[in-house]
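Fold and contact review
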Amino acid sequence: MASKTQTESLTVRSRKRSDALDITDRVEQLVRESDVSDGLCHVYVPHTTAGVFINENADPDVLTDLLGTLDNLVPWEGGYRHAEGNAAAHIKSTLVGTSQTIPIREGRLQLGRWQGIFLADFDGPRERTVRVTITAG
Ligand code: ZN
């Protein structure tokens with residue numbers, strides 16, 4: 001089966017230790033530029049203390065609740081062994097996951113009406129890389 005794959009990188013800068021940044025428009029832009037009509041869009045962060053998730057981008061309180069609940073589940077100070085002091089960020093990255101895959105149909109990401117793609121930083125503020133791989137087929 002013939003397929004065409006291309007990968008682009010986005011740079012995202014978080015503003016605080018725990019942060020979620022909407023990257024939907026930037027990912028959609030890459031899909032448009034790819035000229036892929038039907039395929040898959042894979043969004044990946046090559047970091048151990050960040051993640052990628054898909055959730056509501058209409059009401060910002062959803063993000064506040066989401067990050068707040070993760071903070072409650074995995075507090076920064078938790079008697080962890082990891083000497084670097086950011087064990088909570090590693091655990092949150094594992095819980096959230098480091099990639100998402102979104103179908104592309106007719107040149108558009110098949111996100112639901114209220115869905116957006118977010119980079120989650122759990123050890124910011126810092127600059128993060130997002131790799132977007134677009135595959136036709
Ligand atoms: Zn660490």
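Above this text you will find the structure in question.
Let me begin by describing the structure that accompanies this report. (Residues numbered from 1 in each chain as written. Predicted model: local features only at pLDDT ≥ 70, side-chain atom pairs only at ≥ 80, totals over all residues. Heavy atoms only, no water.)

**Things to note about the sheet that holds strand S5 (residues 99-105)**
What counts is decided by this rule: At least two bridges found by DSSP between two strands are what make those strands a pair. Under the scheme used here, helices are H or I runs from DSSP no shorter than 4 residues and strands are E runs no shorter than 2 residues, and both carry numbers assigned from the N terminus. Between two residues, a contact is recorded if the distance between any of their heavy atoms is within 4.5 Å. The convention used is that axes are lines fitted to C-alpha atoms, helices contributing only their stretch in contact, and that angles between N-to-C directions extend from 0 to 180 degrees.
One open sheet accounts for 5 strands, arranged S1-S8-S3-S5-S6; its pairing is antiparallel. Whereas interior strands pair on both sides, the edge strands pair on one side only; in this sheet they are strand S1 (5-13) and strand S6 (108-109). Bridge analysis of S5 against S6 gives 2 bridges, and the strand direction is antiparallel. Paired with Arg-105 across the two strands is Arg-108, which belongs to S6. Across the sheet, helix H1 (residues 24-34) is in contact with S1, strand S3 (39-44), S5, S6 and strand S8 (127-136); its angle to S1 comes to roughly 155°.

**With respect to the packing of aromatic side chains**
Convention followed: For Phe, Tyr and Trp, where Trp contributes only its six-membered ring, two rings pair if their centres lie within 6.5 Å, and the inter-plane angle classes them as stacked under 30 degrees, edge-to-face over 60, or tilted in between. Throughout this description, buried means an accessible area under 20% of the type-specific maximum (1.4 Å probe, protein chains only), exposed means over 50%, and partly exposed covers the range between.
Considering all chains together, one arrives at 1 aromatic pair under this definition. Between Phe-53 and Phe-118, the aromatic rings sit 5.2 Å apart at their centres with planes inclined by 15°, giving stacked as the arrangement. You can see Phe-53 sitting in strand S4 (residues 50-56) and its partner Phe-118 sitting in strand S7 (residues 115-121), a full 65 residues away along the chain. A relative accessible area of 8% means that Phe-53 is categorised as buried. When its relative accessible area of 1% is taken as the criterion, Phe-118 is described as buried.

**Description of H1**
Applied cut-off: To obtain the arc, one takes the directions from the helix axis to the C-beta atoms.
Of all the positions in H1, only Thr-24, Val-27, Glu-28, Leu-30, Val-31 and Ser-34 are classed as buried. With its buried residues spanning 155° around the axis, H1 presents them on a single face. Backbone geometry just after H1 places Asp-35 at a positive phi near 60°.

**Quick look at unusual backbone geometry**
Here Gly-124 and Pro-125 are connected by a cis peptide whose omega angle stands at -5°. Along the chain, Pro-125 turns up in the loop between S7 and S8. The residue Glu-106 is not glycine, and still its phi comes out positive at about 50°. Within the element layout of this structure, Glu-106 appears in the loop between S5 and S6.

**Observations concerning the pairing of S3**
Sheet analysis places S3 next to S5, joined by 6 bridges and oriented antiparallel. Paired with Leu-40 across the bridge in S5 is Pro-103. Strand direction decides the pairing type here: S3 and S8, joined by 6 bridges, are antiparallel. Residue pairing across strands places Tyr-44 opposite Arg-131, the latter belonging to S8.

**Section: the coordination of the zinc ion**
Our working definition: Each metal's donors are the N, O and S atoms found within 2.8 Å of it, except that Na, K and Ca use a 3.2 Å limit; water is left out, so coordination can look incomplete. Geometry is assigned from the angles between donors: four donors with all angles from 85 to 135 degrees make a tetrahedral site, four or six donors whose opposite pairs exceed 155 degrees while the rest stay between 65 and 115 make square planar or octahedral sites respectively, and everything else is labelled irregular.
Protein-derived coordination of the zinc ion comes from His-82 (NE2), Glu-84 (OE), Asn-86 (OD1) and His-90 (NE2), at a distance range of 1.9 to 2.2 Å. Coordination at the zinc ion is irregular, judged from the 4 donor atoms that bind it and the angles of 91 to 149° they form at the metal. Mapped onto the sequence, the residues coordinating the zinc ion show the spacing H-x1-E-x1-N-x3-H. Judged by relative accessible area, which is 55%, Glu-84 ranks as exposed.

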